[in-house]
Amino acid sequence: MRYYSTRKQSDPVSFARAALAGLAPDGGLFVPETIPEYSGAVKTSLGTMAFHEVAMETIRPYVQDDIPVPVLGGIIESAYPFTAPLIAVGDRMVLELFHGPTAAFKDFGARFMARAFAYLRRGEDRPLRILVATSGDTGGAVADGFFGVEGIDVTILYPRGRVSPLQERQIAGLGGNISAAAVEGSFDDCQALVKAAFADRGLRERHELSSANSINVSRLIPQAVYYAAAAGTAFDGRVHPDGEATPRKGPSAVPGTNGPVRGHPVRFCVPSGNFGNLTAGLYAMEMGAPIAGFIAATNINKTVPEYLESGIYNAMPSKATISNAMDVGAPSNFERMASHWSYDEMKRRIRGAFVSDEATRETIRDVRGKAAYFLDPHGAVGWQAADTLLAGGIVPQGPLAILGTAHPAKFSEVVEPLTGPVPVPPSLREAMDRTIHSSVIPNDLAALKALLG
Ligand SMILES: *Cc1c(COP(=O)(O)O)cnc(C)c1O
């Protein structure tokens, strides 16, 4: 498999080059030259295969020129000691993506990426310097994924005061090969700083730079796995008995009107910010997983829902919300989506809706009351966006799964006043005890260069 730049001004490269470089030399994002298709046998058994097998079948065609199958098998096994249960909640399904060590879906991409990098860099003497901008959850997942990986140093930029206390400890509490800087600015500023650093010739000469944002194709591809596995389960008319870490009781155990139906493709509702997660879902659908389509759910940072409505793409400065991992006004993966699919093709696959903070809070309270389930603010945006589109008849009734992108205990400041105490999983309890080590820097490249040396 070769990878092209979305801007078509650089030569196609291997998976290894695309992953280690992050951005293409022309400033574009790498995309695979084709999206491979599952074999007929795999398509019909997605629902019964083990999660690691689905991962192998999904990731292999993208990486096999650079990562031999036995090595890939080892990476998958070590990256995913957890899975993604699809459970029934109220009248629909929730795909719980928060059973990894940082309790957010980004563990799926970051843990694969870190292990792939360690393999692809074997035998190199110059350390790789990874630069990441985070609005919250990316930083924690990348820190966890790369912590202790030899030959790789990581610098994480996050917007000062705009991540939760727990997120800050996950980003800046590990130390070792992971350093963190709180930038006086927004997430978009952090992202712009990373781009500027990549464009800086001096820095590139002093450091072997790479990115680990959701623009990195090695983070994107493994995210297609849970869509395929869950779509297979729903297509078999099943859900998983329970999500281990989420306490649920009573009415939510029986799937309602938007539960799974044997032989019917599922629609996924994806709480979105940079749109890496949704792009990965589109890949899974293109590969042949039984998926009816997607809902792009955002908070008031509604660039993509507006585009889907009007055909006009109008990036905006980001606004702070209670679903802060989605506070993105200029989603970086949009360029990748647009390189694969025209406006009409996107409209056939995706419907968009945005949700205010007030409606998000109401949804958290409501779903706790009616379905005995704790939603986090991002999942609640998804839940409410789906309600809006179902009520308007814009999305038909049928199997529907909301992506639970983070554990509600990660956002207890928002959730607990609405629901009462949220039980905390052990990995988060451990992270809360860490001490923060980070530098505060102004929003300019000179400051970042001084920090990196
Ligand atoms: C990162 C994140 C999102 C947004 O995902 P994108 O791939 O950037 O669209 C949504 N919810 C949570 C909890 C996140 O951490």
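Basis of the calculations
Numbering of residues starts from 1 in each chain and follows the order in which that chain's sequence is written. Confidence filtering applies because this is a predicted model: local features only for residues at pLDDT of at least 70, side-chain atom pairs given and counted only at 80 or more, and all residues used for totals across whole chains, interfaces and linings. Only hydrogens and water are removed before side-chain values are computed, so all heavy atoms of the structure are retained for them. UniProt positions are given in the numbering used here, feature names are shortened, and annotations may be inferred rather than shown by experiment. Helix and strand assignments come from DSSP, with helices taken as H or I runs of at least 4 residues and strands as E runs of at least 2, each series counted from the N terminus. With C-alpha atoms as the basis for the radius of gyration, the globule rule is written as 2.2 Å multiplied by the number of residues raised to the power 0.38. Note on exposure labels: buried denotes an accessible area under 20% of the residue type's maximum, exposed denotes more than 50%, and partly exposed covers the range between, all computed with a 1.4 Å probe on protein chains only. In this description, contact between two residues means that some pair of their heavy atoms is separated by no more than 4.5 Å. Pairs of strands are assigned from DSSP output, requiring at least two bridges between the strands. Convention adopted: a line fitted to C-alpha atoms gives each axis, helices being fitted over their contacting stretch, and angles between N-to-C directions are expressed from 0 to 180 degrees. For classification purposes, an angle smaller than 35 degrees is called roughly parallel, one larger than 145 roughly antiparallel, one from 65 to 115 roughly perpendicular, and anything else oblique. Handedness of a crossing follows from how the near helix is turned relative to the far one, being left-handed for an anticlockwise turn of less than a right angle and right-handed for a clockwise one. Ten residues, namely Ala, Val, Leu, Ile, Met, Phe, Trp, Tyr, Cys and Pro, are considered nonpolar, four, namely Asp, Glu, Lys and Arg, are considered charged, and the remaining ones, Gly among them, are considered polar. Salt bridges are counted wherever a side-chain nitrogen of Lys or Arg sits within 4 Å of a carboxyl oxygen of Asp or Glu. For this description, a residue counts as near a given molecule or strand if any of its non-hydrogen atoms is within 4 Å of it. In protein, a polar contact requires one atom able to donate a hydrogen and another able to accept it; more generally it is a pair of N or O atoms within 3.5 Å, and residues adjacent in sequence count only if both atoms are side-chain atoms. Every accessible area reported is derived by Shrake-Rupley at a probe size of 1.4 Å, with residue values counting cover from the shown protein chains alone.

As named in an unreviewed UniProt entry, the chain is Threonine synthase, taken from Breznakiella homolactica. Looking at the Cofactor (unreviewed entry) heading of the UniProt record, one finds this comment for the chain: "pyridoxal 5'-phosphate".

**Topic: the overall build of the chain**
Regarding its fold elements, the chain presents 20 helices and 13 strands. For the chain, whose C-alpha radius of gyration is 20 Å, the value lies close to the compact-globule estimate of 22 Å for 453 residues. Dimensions of the chain along its principal axes, counting C-alpha atoms only, are 60 × 50 × 45 Å. Going through the 453 residues of the chain one by one, you find that 60% of them count as buried. Once local pairs closer than 6 in sequence are excluded, the contacts in the chain between residues at least 24 apart make up 77%.

**Some details on the sheet that holds strand E8 (residues 208-211)**
Strand order in the open sheet made by the 5 strands is E8-E5-E6-E7-E13, with parallel pairing throughout. The open sheet has two edge strands with one neighbour each: E8 and strand E13 (438-442). Direction aside, neighbouring strands of the sheet carry axes that sit 25 degrees apart on average. Examined bridge by bridge, strand E5 (residues 128-133) and strand E6 (residues 152-159) share 6 bridges and lie parallel to one another. Looking across to E6, one finds that Leu128 is bridged to Ile152.

**Observations concerning the UniProt feature "domain: Threonine synthase N-terminal" (unreviewed entry) in the chain**
With numbering matched to this structure, UniProt assigns "domain: Threonine synthase N-terminal" (unreviewed entry) to residues 2-80. Helix makes up 47% of residues 2-80 and strand makes up 8%, while its end C-alpha atoms are separated by 26 Å.

**Brief notes about the packing of helix H3 (residues 51-63) against helix H11 (residues 224-235)**
Close contact between H3 and H11 brings their axes to 9 Å; oriented N to C, the two are set at 125 degrees. As the angle between them shows, H3 and H11 are arranged oblique. Note that H3 runs across H11; the crossing there is right-handed. Of H11, the residues touching H3 (which contributes Phe51, Val54, Ala55, Thr58 and Ile59) are Ala224, Val225, Tyr226, Ala228 and Ala229. The class makeup of the residues in the contact of H3 with H11 is 9 nonpolar, 1 polar and no charged.

**What to know about the pattern of salt bridges**
Under the defined criterion, the tally for this structure stands at 15 salt bridges. Here the salt bridges do not stand alone but share partners, grouping Asp91, Arg92 and Asp387 into one network.

**Some points on the site of the ligand**
Not every one of the 15 residues close to the ligand is listed here, only the nearest: Lys106, Asp137, Gly273, Asn274 and Phe275. Residue Asn277 places a main-chain N or O atom 2.8 Å away from an oxygen atom belonging to the ligand. One of the side-chain N or O atoms of Thr405 is found 2.8 Å from a nitrogen atom in the ligand. About the coverage of the ligand: the protein hides 97% of its 380 Å² of free accessible area.

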